[in-house]
Amino acid sequence: MSRIRRLSEGTINRIAAGEVVERPASAVKELVENALDAGARHIDIVVEGGGRDLIRVTDDGSGMDAEEMALAVERHATSKLHVDGSGQEDLHDIATLGFRGEALPSIGAVARLGIVSRTRDGDTAHRISVEGGHTGAAEPAPGRAGTQIEVRDLFYATPARLKFMKSERAETQAVSDVVKRLAMAHPETGFTLTSGGRNLLRLEPELPGEAGRLTRLGAIMGRDFEQNALAIDAMREEIGLTGFAGLPTYNRGTAQMQYLFVNGRPVRDKLIVGAVRGAYADFLARDRHPAVALFIAIDPREVDVNVHPAKAEVRFRDAGLVRGLIVGALKRALAEAGHRASTTVAGAALGAIRPEMAAAGGAPSYAPRWSSPPPSRPGFAEDVADWQGAFTGLGGHAARVEDAPLEVVDAPEMPLGVARGQLHETYVIAQTADGIVIVDQHAAHERLVYERMKKAMAAKGVARQMLLIPEVVDLDEAEAERIVARAAELAELGFVLESFGPGAIVVREVPALFGKLDVAGLVRDLADDLAELDEALSLKERLEEVCGTIACHGSVRAGRRLTAEEMNALLREMEATPHSGQCNHGRPTYVELKLSDIERLFGRR
């Protein structure tokens, strides 16, 4: 080995730059964050060649004078850290997006960097250049109030990094994603993003408040999200949570439309994955994911933003408290939604039956895929019998359509209207004040039965069954300790276990609903959940799956003729039952069509 020696300043800067500027999107993120910290009301971003050839960020923020510009391109020079009583910079009270003073010198170390800036009350703008780590002097230049930063030939000074860049299209998409996340967090600021002369994003500043935030989210996440979003507003121990969550019937095949922001900072955190999964567990199949945008306001001293070079991750002092706040707020919003289903359900139905689409051979713009019910297990007959009668009159004889009484519909009192008939002994047709409702009788009754089961289990607890021979499961010692530490929580779910020496546990009781169960497999799944998400989701999800299967087999089947009284009883109980807009697998239980939509189908409008 060679002797230990000090690295040159240029090498040190390039190593540091590799941590901060991973790809063009990283540089855009740092520059836009600086503009936001400067109080910009509008930020214009231009990229060429996916950001490799050119990145230009222009803002109307507070700007810099010549002396400040010279400091800004030096490593670890910043205006964003407060000095505490002892004269030291306070890293525990960070209220800005940037704070390390690394972005500009890191970019200048690997690219050709040019900055033109003028303060709002200054007479003259100044320009400074940095190429491959070599800094020029600040000189007077033409320029308006604010700052314009140009980055050309990114990574020309570190050509090895260019080998790891993706295609121009992929890099441009990454830049767009970064800008969109920052724009979601700061709706009061306008953004434009241009690439190759093509406008990719144009967002006007929104008014402060919930309405402005929802408008901004709709512009980025889609107008369907804006129409199907539930407002979130909760507070716990000085931690505030606001934002919007999509209805369960408005879902996606991946978790990409789940966003978390902490004090205006977009972060990627496994906390939101587990919290959202737990809150929506009753409503969606495991391969479907809701759309949410959540904003946490917390004392900067209660969260560490200095745990990742790109500041993309944070660490909460009390992660359990934050997670509980998210789960509780989401569940409360879903409960308050009642029987509401997403508007995209009706849109898909209308798109599928429009004559012009059928003639053109087109497909509806939104085609949800629903998971089929889980297979039944032996011995369900006894379980189903307890839940067969979910509403009064279910056991009556079938009636003809004309037996339904012609009642006057009062929309506020009966949002789902009055039953007018039954199609193919599967779908209930109801008339509302301004349209019709088509109800899938099996899916709707399945949700009603499931909610009754949940209520009964909450009141009486989960029934347990003692194992004839307790099962010993060998684990890693740390895994065993995690599970034993949550033994009381697991016991509430009917799963009784205790420590059985280092690296082992013994399971003595399991939920009676499970029947035959792979105990060792479930224990290992629980250990993985606790390590990754700090939540025993495997057990809860299996309980919900069994309850859902019981509800499925204990509900009114398709092909069953219902009397008028039974159909109306189903509608009334749906109106009174939370979450009745979707079954346990995420399928919608009803479709509402407005009279105006029906008239358009027939060319009456």
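Right above here is the structure, for reference.
Cut-offs and rules
- Residues numbered from 1 in each chain as written.
- Predicted model: local features only at pLDDT ≥ 70, side-chain atom pairs only at ≥ 80, totals over all residues.
- Heavy atoms only, no water.
- Pairing = 2+ DSSP bridges.
- Helix = DSSP H or I, 4+ residues; strand = E, 2+ residues; numbered from the N terminus.
- Axes fitted to C-alpha atoms, helices over the stretch in contact; angles between N-to-C directions.
- Contact = heavy atoms within 4.5 Å.
- Phe/Tyr/Trp six-rings, centres within 6.5 Å; stacked < 30°, edge-to-face > 60°.
- Buried < 20%, exposed > 50% of the residue type's maximum accessible area, 1.4 Å probe, protein only.
- Lys NZ or Arg CZ within 6 Å of the ring centre and 35° of its normal.
- Salt bridge = Lys/Arg side-chain N within 4 Å of Asp/Glu carboxyl O.
- Expected span 1.5 Å × (residues − 1).
- Core = buried A, V, L, I, M, F, W, Y, C linked by side-chain atoms within 4.5 Å.

Draft legend 1. Up close: the sheet that holds strand β14 (residues 265-267). Reading across the sheet, the five strands line up as β10-β11-β16-β13-β14 and stay open at both edges, with mixed pairing between neighbours. Each having just a single partner strand, β10 (229-236) and β14 make up the two edges of the open sheet. This sheet shows a mean twist of 20° between the axes of neighbouring strands, independent of strand direction. As defined by bridge partners, β10 adjoins strand β11 (residues 239-246) across eight bridges and the pair is classed as antiparallel. By the bridge assignment for β11, Met235 is matched with Gly240. Set on the sheet, helix α10 (residues 319-336) makes contact with β10, β11 and β16 (292-297); between it and β10 the angle comes to about 140°.

Draft legend 2. Summary view of the packing of aromatic side chains. A full pass over the atoms with the stated rule returns two aromatic pairs. Measuring from ring centre to ring centre gives 6.3 Å for Phe225 and Tyr250, while their planes differ by 50°; the resulting arrangement is tilted. One end of the pair, Phe225, is in helix α8 (residues 223-227); the other, Tyr250, is in the loop between β11 and β12 (251-252), with 25 residues separating them in the sequence. Take Phe225 and Tyr250: they sit in the same class, and that class is buried. Between Phe261 and Phe295 the ring centres are 4.6 Å apart and the planes differ by 10°, which places this aromatic pair in the stacked class. Here Phe261, found in strand β13 (residues 258-262), pairs with Phe295, found in strand β16; they are 34 residues apart in sequence, far enough to count as distant. For Phe261, a relative accessible area of 1% translates into the label buried. The ring centre of Phe295 lies 3.8 Å from the NZ or CZ of Arg213, which sits over that ring.

Draft legend 3. Inspection of the pattern of salt bridges at higher detail. Scanning the model with the defined rule gives 17 salt bridges in all. With its nearest N and O atoms 2.6 Å apart, the salt bridge here joins Arg447 to Glu451. Here Glu451 and Arg447 lie together in helix α14 (residues 441-460), a separation of four residues that amounts to about one turn. There is no split in this pair, since Arg447 and Glu451 are both buried.

Draft legend 4. The pairing of strand β8 (residues 190-195), seen in detail. Burial runs high along β8: six of the six residues are buried. Burial along β8 is two-sided: Gly190, Thr192 and Thr194 and Phe191, Leu193 and Ser195, pointing in opposite directions, are all buried. The pairing of strand β1 (residues 42-48) with β8 spans six bridges and is classified as parallel. Residue pairing across strands places Val47 opposite Ser195, the latter belonging to β8. Two elements, β8 and strand β9 (residues 198-203), share five bridges in a ladder whose sense is antiparallel. Each bridged residue has a counterpart across the sheet, and for Ser195 the counterpart in β9 is Arg198. Taking the residues that link successive antiparallel strands as the turn, the β8-β9 hairpin has two residues, and the phi of Gly196 there is positive, at about 60°.

Draft legend 5. Representation of helix α17 (residues 519-532) within the structure. With 14 residues, α17 should cover 20 Å at 1.5 Å per step; its first-to-last C-alpha distance of 20 Å lies within 8% of that length. If you check which residues of α17 are buried, you get Val519, Ala520, Gly521, Leu522, Val523, Leu526, Ala527, Asp529 and Leu530.

Draft legend 6. Spotlight on the nonpolar core. Counting 60 residues, the largest nonpolar core has Val32, Ile43, Ile45, Ile115, Val151 and Met221 as its most contacted members. With eight residues, helix α6 (residues 168-185) is the largest single contributor of residues to this core. Setting aside chain neighbours within four positions, we find Ile115 in contact with Met64, Met69, Val73, Leu104, His126, Arg127, Ile128, Thr147, Gln148 and Ile149.

Draft legend 7. Seen up close, the sheet that holds strand β22 (residues 464-474). Strand order in this open sheet of three strands is β22-β24-β23, and the pairing throughout is antiparallel. The outermost strands of the open sheet, each flanked by one partner alone, are β22 and β23 (496-499). Sheet twist, expressed as the mean angle between neighbouring strand axes with direction ignored, is 15°. Note: β22 against strand β24 (residues 504-511), seven bridges, orientation antiparallel. Note that in β24 the partner of Val473 across the bridge is Ile505. Together, β22 and β24 form the strand contacts of α17, whose direction differs from that of β22 by roughly 65°.

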